[in-house]
Amino acid sequence: MRGVLNVGVLNDEVRKNIMQIEMEKTGELIPVINLGVKECLERDFTVAIIKNASFRPPPTATVQFVDNEGNILGEEIVSSQQKKKYQNDESAQFINPDFVLLKNQKDIEEDLKAENIEKKGVKQAFLLPPVQFIEVEELEDTCDVVSSSPDPYADLYLKKYFDFEDDPKLASILVGFNVKK
């Protein structure tokens, strides 16, 4: 695959260390919940891919801004079709070319005030959802395939584990899958 520099199967110790790194992010004012990595690590097999910028873009958003009622308040823009859809949506507000808010920014700021969090009980988080990984889905005996980008510290951990330098031009992706029985 274009842009892939290394692929390695993760053992139980590495999987445990990655999960521990990911769990450290849930106590922040606006937590980061990496559901994609959690699901990758729950599969029978998890592989790490070290990639460079020539790797293909993701098929769907890898970052969403959500509330605890399941509403998507914003998301990353990964395709021109998605961008066009939101450009035609009057309620959508681009905060940069690659991220759109789907709820008024002032309403979000109001929701984040401590007294409103206590009163309403609605909290926000950045969610990194599981993303499909078509190249592995197409393999004959695989199922339940998911992928995700790990936390920056987990990314650094994986680069070091696979003997790569901390180069900002490189990134890791986890792909988890089960084998049909």
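Asker: Is there a simple way to explain the layout of surface pockets in this structure?
Answerer: It is the rolling of a water-molecule-sized probe over the atoms that shows where space remains empty. The space that makes up the largest pocket amounts to roughly 540 Å³. Among the secondary structure elements, those contributing two or more residues to the lining of the largest pocket are strand 9 (142–148), helix 7 (152–161) and strand 10 (171–179). For the lining of the largest pocket, the leading source of residues is strand 10, giving three residues. Counted by class, the lining of the largest pocket contains 16 nonpolar, seven polar and seven charged residues.

Asker: I tried to follow the nonpolar core on my own but got confused; where do I start?
Answerer: Buried together is how nonpolar side chains tend to be arranged in soluble globular proteins. Within the largest apolar cluster, 15 residues are counted, with the highest numbers of intra-cluster contacts made by Leu 10, Ile 18, Ala 48, Leu 158, Phe 162 and Leu 174. At the level of elements, helix 1 (12–23), helix 2 (35–42), strand 3 (45–51) and helix 7 are the ones that each hand at least two residues to this core. Look past the residues within four positions of Ile 18 in its chain and what remains in contact with it is Leu 10, Val 37, Leu 41, Ala 154, Tyr 157, Leu 158 and Leu 174. Formed by nine residues, the second largest nonpolar core is a distinct cluster that contains Phe 55, Val 136, Val 145 and Ile 173.

Asker: Even after reading the chapter, I still don't get the pairing of strand 4 (residues 64–67), so can you show me in this structure?
Answerer: A two-sided burial pattern is seen for strand 4, the buried positions comprising Gln 64 and Val 66 on one face and Phe 65 and Asp 67 on the other. Bridge analysis of strand 4 against strand 5 (residues 72–76) gives three bridges, and the strand direction is antiparallel. Bridge pairing in strand 5 links Val 66 to Ile 72. Connecting strand 4 to the next strand, strand 5, in antiparallel fashion are four residues, including Gly 70 with a positive phi near 90°. Note that strand 4 and strand 8 (residues 124–127) share four bridges and pair antiparallel. Residue pairing for strand 8: Asp 67 is matched across the bridge by Gln 124.

Asker: Would you mind going over the packing of aromatic side chains with me for this structure?
Answerer: For any two aromatic rings, the description comes down to two numbers: the centre-to-centre distance and the angle of the planes. Applying the stated criterion across every chain yields a total of five aromatic pairs. Note on Phe 45 and Phe 177: the rings are 5.6 Å apart at their centroids and 20° apart in plane angle, and the pair reads as stacked. Taken together, the positions of Phe 45 in strand 3 and Phe 177 in strand 10 put the pair 132 residues apart, joining distant regions of the chain. With a relative accessible area of 39%, Phe 45 lands in the partly exposed category. The exposure class assigned to Phe 177 is buried, which follows from its relative accessible area of 15%. Through pairs of rings, three or more aromatic residues link up here, namely Tyr 157, Tyr 161 and Phe 162. Between Arg 56 and the ring centre of Phe 133, over which it is positioned, the NZ or CZ distance is 4.7 Å.

Asker: Honestly, the pattern of salt bridges in this entry has me stumped. Any pointers?
Answerer: Working definition: two side chains of opposite charge can pair if their charged atoms are close together. Considering all chains together, one arrives at six salt bridges under this definition. Ionic pairing is found between Glu 39 and Arg 43, a salt bridge with its closest N-O pair at 3.6 Å. Classification of Arg 43 as buried rests on a relative accessible area of 15%. Here Arg 56 and Glu 135 are joined by a salt bridge, their closest N and O atoms 2.7 Å apart. You can see Arg 56 sitting in the loop between strand 3 and strand 4 and its partner Glu 135 sitting in helix 6 (residues 134–137), a full 79 residues away along the chain. On the basis of relative accessibility, which here comes to 28%, the residue Glu 135 falls in the partly exposed class.

Asker: Before we go on, may I ask you to explain the pairing of strand 3 in this structure?
Answerer: On a regular strand, one side chain projects to one face of the sheet and the next to the other, so that they alternate. Of all seven residues making up strand 3, six are buried, and the element is well covered by its neighbours. Looking at chain direction, strand 3 and strand 10 are connected through seven bridges and run antiparallel. Bridge assignment links Val 47 to a residue of strand 10, and that residue is Val 175.

Asker: Before we go on, may I ask you to explain the sheet that holds strand 8 in this structure?
Answerer: Within a sheet, each strand pairs with its neighbour through backbone hydrogen bonds, oriented either parallel or antiparallel. Across the sheet, which stays open at both edges, the six strands sit in the order 2-8-4-5-7-6 with mixed pairing between neighbours. In this open sheet, the two strands that pair with only one neighbour each are strand 2 (32–33) and strand 6 (93–96). Bridge count between strand 5 and strand 7 (residues 99–101): three bridges; the pairing is antiparallel. In the sheet register, Gly 74 faces strand 7, and the bridge partner there is Leu 101.

What counts as what
- Residues numbered from 1 in each chain as written.
- Predicted model: local features only at pLDDT ≥ 70, side-chain atom pairs only at ≥ 80, totals over all residues.
- Heavy atoms only, no water.
- 1 Å grid on protein atoms, 1.4 Å probe; cavity = no way out; pocket = protein on both sides within 12 Å on 5 of 7 lines; lining within 4 Å.
- Points joined across faces, edges and corners; volume = space filled by probe spheres on them.
- Helix = DSSP H or I, 4+ residues; strand = E, 2+ residues; numbered from the N terminus.
- Nonpolar A, V, L, I, M, F, W, Y, C, P; charged D, E, K, R; others polar.
- Core = buried A, V, L, I, M, F, W, Y, C linked by side-chain atoms within 4.5 Å.
- Buried < 20%, exposed > 50% of the residue type's maximum accessible area, 1.4 Å probe, protein only.
- Contact = heavy atoms within 4.5 Å.
- Pairing = 2+ DSSP bridges.
- Phe/Tyr/Trp six-rings, centres within 6.5 Å; stacked < 30°, edge-to-face > 60°.
- Lys NZ or Arg CZ within 6 Å of the ring centre and 35° of its normal.
- Salt bridge = Lys/Arg side-chain N within 4 Å of Asp/Glu carboxyl O.

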